[in-house]
Amino acid sequence: MMRLKRVLGWCVAIVAVVGVAGLWYSSHPEIEPLNASNPAKFSDEMVARGKLLADAGDCAVCHTSKDGVTNTGGLAIEIPFGTIYTTNITPDVETGIGSWSFDAFKRAMREGIDREGNYLYPAFPYTAFTKTSDADLEALYAYLMSQTAVKSHNPKTDLSFPFNIRRGISAWNLLFLSPGAYQPDTAQSEEWNRGAYLVEGLGHCSACHTPRNLMFAEKTGADYLGGGVAEGWIAPALNQHSPSPLGWNKQELVEYMRTGFSINHGVAAGPMAPVVKEGLSAQSDADLMAIATYLLSFQGSETKIPDGDREKAAADINLKAYSQIEPLTSQGARIFSGACMACHNQDSGPALNGVKPSIALNSNLYESSPDNMIHIILNGIQSPATDKLGYMPAFRYNMNDQQIVALLSYLREDFAKQPAWPDLAERVKQIRLETEKDN
């Protein structure tokens, strides 16, 4: 009995020591607030460079609510454990980052810890932002602190237990955060390294385009850029598992990032449209070329079609799909002919509303999930990446679930020659309900 008591006593002592050590490890001091009477001064050149970096990082995309003032936060991010609301990153002292020194800002970007020493949730992708150089962080800070200060009291993040305990993130960081600026790969070219710096850092492309593990951290290795989920949309794989029937080449990737459209792939929609509109389209040609070079290094050679053969390959896919349209053969064919062909025909006729994308080449049609196609048919494209692309009407109130299923089944099986999507009717019903409040 005495021996058992001694063992229990040692167990309690060990637990206590581990608990104290954990509290010590997860504690971070508050960084002294800025003196509001002595604001920092920045050059116009630094502020302008910081604006480009903010665009590259999609700061405004996440830190602006619908119809809200830019960068004042309040955007709701739904996760399985509750709702995270983005913060005000204007230099308002009370509700924004106006009291943050550069050291406080750098700690948040590199370590995910705010000025007061609180852990930030990884919905803020500091695991990518940590790779940003000091010089770029200084320019980004200069831009953010040069905005107009706007007071904005946003809703409080609301997560269920135990995910509402911020100190628990210290354990997550220990497993999944590798703090520090990007280190170039000397075995790769300067352009490749520039692309890697942008994609892995401020661009945080993997945050959407990489699958997550059970702890909602990005998977690594062969799964990197292997496709993920963003706001209920499928973020397609950017590696050798890309669903595109033609794969990508450098020119097409740059064109897509600049305009939101590639004739051999489709139109940027859903969460990708604002990424193009607010971020990628503002970047230099050199940086877009570097991003393309880096991303294409993950596309296996077996998925590439030589540039000289791409036009013919695209024409063959279109001919095979569009020449077999027989409106009388099925309900899906009739719906396509009546509702889609006017804008998506591939003959020599004019484009009626912006560009004239081929559905037969649309990457979404080749995904293992129908979700993106369902979103687009139900809700259309109301906020295109650029105005030149044109708008697509929503068919939410023009087609019932059965008609959408018939149309998608026809496109998937007859156009793309792919196996039927499983549980298609259930997905149409579910996504219609999930998006009802926004339309």
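Residues numbered from 1 in each chain as written. Predicted model: local features only at pLDDT ≥ 70, side-chain atom pairs only at ≥ 80, totals over all residues. Heavy atoms only, no water.

## Focus: the nonpolar core
- Ranked by size, the top nonpolar core spans 35 residues in total, and within it Y322, F336, L365, L407, L408, L411 and F415 carry the most contacts.
- Looking at this core, the elements that each hand over two or more residues are helix 13 (307-322), helix 14 (331-344), helix 15 (371-379), helix 16 (401-415) and helix 17 (424-434).
- When residues in this core are grouped by element, the largest group, eight residues, is from helix 16.
- Beyond its immediate chain neighbours, meaning those up to four positions away, F415 contacts A321, Y322, Q324, I325, F336, I359, A360, L365 and Y410.
- The next biggest cluster of nonpolar side chains, apart from the first, holds 27 residues, and it includes W192, Y197, V276 and L288. (Core = buried A, V, L, I, M, F, W, Y, C linked by side-chain atoms within 4.5 Å. Buried < 20%, exposed > 50% of the residue type's maximum accessible area, 1.4 Å probe, protein only. Helix = DSSP H or I, 4+ residues; strand = E, 2+ residues; numbered from the N terminus. Contact = heavy atoms within 4.5 Å.)

## Some points on the UniProt feature "binding site: heme c 2" (unreviewed entry) in the chain
- Look at the UniProt record and you will see "binding site: heme c 2" (unreviewed entry) annotated at C205, C208 and H209.
- Tracing the chain through its elements places C208 in helix 9 (residues 206-209).
- Its relative accessible area of 31% is what places C208 among the partly exposed residues.
- Residues contacting C208, with those up to four places away along its chain left out, are G227, G228, V229, A230 and A235.
- Looking at where H209 falls in the secondary structure, it is placed in helix 9. (UniProt positions renumbered as here; feature names shortened; annotations may be inferred.)

## With respect to the packing of helix 8 (residues 190-200) against helix 12 (residues 285-296)
- Packing of helix 8 against helix 12 leaves a shortest axis separation of 7 Å and a crossing angle of 90°. Judged on the interaxial angle alone, helix 12 and helix 8 are roughly perpendicular. The segment helix 8 lies against helix 12, with E191, W192, R194, G195, A196, L198, V199 and E200 engaging D287, M289, A290, I291, T293, Y294 and L295.
- Here the residues of the contact of helix 8 with helix 12 sort into nine nonpolar, two polar and four charged. (Axes fitted to C-alpha atoms, helices over the stretch in contact; angles between N-to-C directions. Parallel < 35°, antiparallel > 145°, perpendicular 65-115°, else oblique. Nonpolar A, V, L, I, M, F, W, Y, C, P; charged D, E, K, R; others polar.)

## As for the sheet that holds strand 1 (residues 76-79)
- Here we have three strands laid out as an open sheet, ordered 1-2-3, and antiparallel in their pairing. On the outer flanks of this sheet lie strand 1 and strand 3 (158-159), each paired with one strand and no other.
- Pairing of strand 1 with strand 2 (residues 82-85), which is carried by four bridges, proceeds in the antiparallel orientation. Within strand 2, the residue paired with A76 across the bridge is Y85. (Pairing = 2+ DSSP bridges.)

## Concerning a nonpolar patch on the surface
- On the surface, a nonpolar cluster with roughly 380 Å² of combined accessible area is contributed by L175, L214 and M215.
- Here L175 is to be found in helix 7 (residues 169-176).
- Residue classification places L175 among the exposed positions, given a relative accessible area of 56%. (Patch = residues over 30% accessible without salt bridge, like charges linked within 9 Å, V, L, I, M, F, W, Y side chains within 5 Å. Areas by Shrake-Rupley, 256 points an atom, 1.4 Å probe, with all protein chains shown as cover. Salt bridge = Lys/Arg side-chain N within 4 Å of Asp/Glu carboxyl O.)

## What to know about helix 10 (residues 250-259)
- Residues E252, L253, V254, Y256 and M257 constitute the buried set of helix 10.
- Along its buried surface, helix 10 packs onto strand 6 (261-262), strand 7 (266-267), helix 11 (272-278), helix 12 and helix 13.
- Backbone geometry just downstream of helix 10 places G260 in the positive-phi region, at approximately 80°.

## Notes on the environment of T70
- Relative to the helices and strands, T70 is located in the loop between helix 3 (59-62) and strand 1.
- A residue is classified by how much of its surface remains accessible, and T70, at 45% relative accessible area, is partly exposed.
- As a C-alpha pair, T70 and Y85 span 15 residues in sequence and 15 Å in three-dimensional space.
- If sequence neighbours within four positions are ignored, T70 has contacts with A60, T64 and T90.

## Some points on helix 15
- The buried fraction of helix 15 is high, at nine of nine residues.
- Buried residues of helix 15: D371, N372, M373, I374, H375, I376, I377, L378 and N379, and no others.
- Once helix 15 ends, the next one or two residues include G380, with phi positive near 65°.

## So, the packing of aromatic side chains
- With the rule as written, the count across this model stands at 18 aromatic pairs.
- Judged by centre distance (5.7 Å) and plane angle (70°), the rings of F102 and Y141 are edge-to-face. Here F102, found in helix 4 (residues 102-111), pairs with Y141, found in helix 6 (residues 134-145); they are 39 residues apart in sequence, far enough to count as distant.
- Through a chain of ring-to-ring contacts, three or more aromatic side chains come together here, namely F42, F102, F105 and Y141. (Phe/Tyr/Trp six-rings, centres within 6.5 Å; stacked < 30°, edge-to-face > 60°.)

## A closer look at unusual backbone geometry
- Cis rather than trans, the peptide bond between F161 and P162 has omega equal to 5°.
- Structurally, P162 can be placed in the loop between strand 3 and helix 7.
- Of note, the phi angle at E231 is positive, near 55°, even though the residue is not glycine.

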